[in-house]
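# Fold and contact review
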Amino acid sequence: QVHVAESGGGLVQNGGSLRLSCTASGSSFSMSGSHWYRQAPGKERELVARITSSGTSDYADFVKGRFTISRDNANNQVYLQMSSLKPEDTAVYFCLVISQRAVGYWGQGIQVTVSS
């Protein structure tokens with residue numbers, strides 16, 4: 001059984017910063033790819049950023065230059081540093097981790113609210 005938990009969300013002012021963390025735990029679990037998605041009210045879930053086990057990352061155009069994804073392989077953790085936040089970044093942010101067997105596990109999501 002693999003459990004994925006996000007933390008670090010909350011309310012921040014326009015232009016502010018937040019750092020999201022995601023921890024995957026489970027017996028003998030080892031992360032392969034790691035992703036952050038988000039879903040705003042009334043919208044579909046969308047990919048924000050992803051990172052491979054070797055550290056190669058890419059980003060959605062709407063966060064390039066503002067968000068940074070990173071990971072700690074030893075502890076099965078992935079992070080999303082968010083800077084220059086905008087009201088349109090308000091959403092529930094979800095972590096998706098992929099196991100070495102290519103099985104995906106979602107976290108429950110965490111709210112990020114950016115006030116204008």
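Everything discussed here concerns the structure shown above.
For the structure given in this document, a descriptive report is provided here. This is a predicted model, so every value here is computed, not measured. (Residues numbered from 1 in each chain as written. Predicted model: local features only at pLDDT ≥ 70, side-chain atom pairs only at ≥ 80, totals over all residues. Heavy atoms only, no water.)

### Some details on the pairing of strand S4 (residues 31-39)
For the record, the criterion: Exposure classes here rest on a 1.4 Å probe applied to the protein chains alone. A residue is buried below 20% of its type maximum, exposed above 50%, and partly exposed in between. Think of it this way: any DSSP run of H or I at least four residues long counts as a helix, any run of E at least two long counts as a strand, and we number them from the N terminus. For two strands to be treated as a pair, DSSP must find no fewer than two bridges joining them.
Among the nine residues of S4, seven are classified as buried, and the element is accordingly described as predominantly covered. Inspection of the sheet shows S4 paired to strand S9 (residues 91-99) by seven bridges, in the antiparallel sense. Residue serine 34 lies in a different strand from S9, and its bridge partner there is valine 97. In this structure, the hairpin formed by S4 and strand S5 (residues 46-51) is closed by a connection of six residues, where glycine 42 is found at a positive phi of approximately 80°.

### What to know about unusual backbone geometry
Positive phi, close to 55°, is recorded for asparagine 76, a residue that is not glycine. Among the residues examined, asparagine 76 registers a relative accessible area of 10% and is labelled buried. A positive phi angle is found at alanine 102, which is not glycine, with a value near 65°. Among the structural elements, alanine 102 can be located in the loop between S9 and strand S10 (104-106).

### Observations concerning the sheet that holds strand S7 (residues 67-72)
Backbone hydrogen bonds hold the strands of a sheet together, and the pairing may be parallel or antiparallel. This is how it is decided: Note on geometry: axes are lines fitted to C-alpha atoms, helical ones only across the stretch in contact, with angles between N-to-C directions running from 0 to 180 degrees.
Spatial ordering of the open sheet is given by S1-S3-S8-S7, a layout of four strands whose pairing is antiparallel. Edge strands, defined here as strands with exactly one partner in the open sheet, are strand S1 (3-7) and S7. Recorded for the sheet is a direction-independent mean angle of 15° between the axes of neighbouring strands. Both S1 and strand S3 (residues 18-25) contribute to a ladder of five bridges, which runs antiparallel. Of the residues in S3, the one forming a bridge with valine 4 is alanine 24.

### What about the state of the cysteines?
Note the threshold: In what follows, a disulfide is any cysteine sulfur pair within 2.5 Å.
Counted by the stated rule, this structure contains one disulfide. For cysteine 22, the disulfide goes to cysteine 95, at an S-S distance of 2.1 Å. Measuring handedness by torsion sign, the sulfur bridge of cysteine 22 and cysteine 95 sits at about -80° and is left-handed. Placement of the pair is cysteine 22 in strand S3 and cysteine 95 in strand S9, with a sequence separation of 73 residues. We classify cysteine 22 as buried; its relative accessible area is 1%.

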